[in-house]
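# Overview (structure and organization)
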Amino acid sequence: MAWKALDRNDGPPRAEGDRLSEAVKARIRVFFDRYETKRAVLLPALHIVQDEFGYVGWRAMEDIAELLELPPSEVFDAVTFYTYFWTHPRGRKVITVCRSASCEVMGSEGILAECKNVLGISEHQTTPDGNYSLQTEECLAQCDHAPCMKINERTYSCVKVSEVRGILEDPNNDRLDIPRSDLYDGAKRYGAV
């Protein structure tokens, strides 16, 4: 089994995107007091922007750089380093198939192939209706429950190829049964935005 390198630059063109609204900037500024430097707020800022727009466009990267007093190249480096961030619009639901050694040994290549077959798309593509995007991730930290996949934040463990179609056809396949953390959602919940 060989290590696979992915060229994330070979895909749809990067979208210019929207500028950050004052409300989005305020959500980012909430994190300033939690860290010693503005640079440390880069990842929370990218998550906020991706949640807002569904991707991190060029204009948003420029606005983040200005807000955090960073060179735009540092923001771009972070966006393109982490496979979680998208530079073009993604689907409402993002399917992530684990491609770690554990998951590959247990059959994740078949899971990925079935996702491609059912959805009619390849990695880092979005279905024409905008419902689903597909990506792989190096490890989803579920090695003892391999193979696994996620739909947005919901994890599916010990997935069989025969189960993929049913999972994808379930309208609630991304619904979480537990709340997210106060650290991330606290700003919204406590009226900081």
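Just so you know, these numbers come straight off a predicted model, no measurement behind them.

## A closer look at helix α7 (residues 161-169)
- Of the residues making up α7, those classed as buried are V164, I167 and L168. Relative to the axis of α7, the buried residues are bounded by an arc of 90° and lie together on one face. Facing away from the buried side of α7 by over 90 degrees, the exposed positions are S162 and E169.
- Lining the buried residues of α7 we find β1 (93-98), α6 (108-119), β3 (132-137), β4 (149-151) and β5 (154-156).

## Thoughts on a nonpolar patch on the surface
- A grouping of L43, F81, Y82 and Y84 is seen on the molecular surface, where their side chains present a nonpolar patch of about 390 Å² in accessible area.
- Residue placement: L43 occurs in helix α2 (residues 42-53).

## Things to note about the side chain of R99
- Among the structural elements, R99 can be located in the loop between β1 and α5 (101-105).
- Owing to a relative accessible area of 16%, R99 belongs among the buried residues under this scheme.
- Reaching out from R99, the side chain makes a polar contact with the side chain of E138 at a distance of 3.2 Å.

## What to know about the pattern of salt bridges
- Counted according to the given criterion, the structure contains 10 salt bridges.
- Residue R27 pairs with E52 through a salt bridge whose shortest N-O separation is 3.8 Å. Linking R27 in helix α1 (residues 22-29) with E52 in helix α2, this pair joins segments that are 25 residues apart in sequence.
- Since its relative accessible area comes to 11%, R27 is described here as buried.
- Of the charged contacts, one joins R39 and E74 as a salt bridge, the two residues approaching to 3.0 Å between their closest N and O atoms. One end of the pair, R39, is in the loop between α1 and α2; the other, E74, is in helix α4 (residues 72-81), with 35 residues separating them in the sequence.
- Note on R39: relative accessible area 49%, which makes it partly exposed.

Conventions adopted
- Residues numbered from 1 in each chain as written.
- Predicted model: local features only at pLDDT ≥ 70, side-chain atom pairs only at ≥ 80, totals over all residues.
- Heavy atoms only, no water.
- Buried < 20%, exposed > 50% of the residue type's maximum accessible area, 1.4 Å probe, protein only.
- Helix = DSSP H or I, 4+ residues; strand = E, 2+ residues; numbered from the N terminus.
- Arc of directions from axis to C-beta.
- Contact = heavy atoms within 4.5 Å.
- Patch = residues over 30% accessible without salt bridge, like charges linked within 9 Å, V, L, I, M, F, W, Y side chains within 5 Å.
- Areas by Shrake-Rupley, 256 points an atom, 1.4 Å probe, with all protein chains shown as cover.
- Salt bridge = Lys/Arg side-chain N within 4 Å of Asp/Glu carboxyl O.
- Polar contact = N/O pair within 3.5 Å; in protein donor to acceptor, adjacent residues only side chain to side chain.

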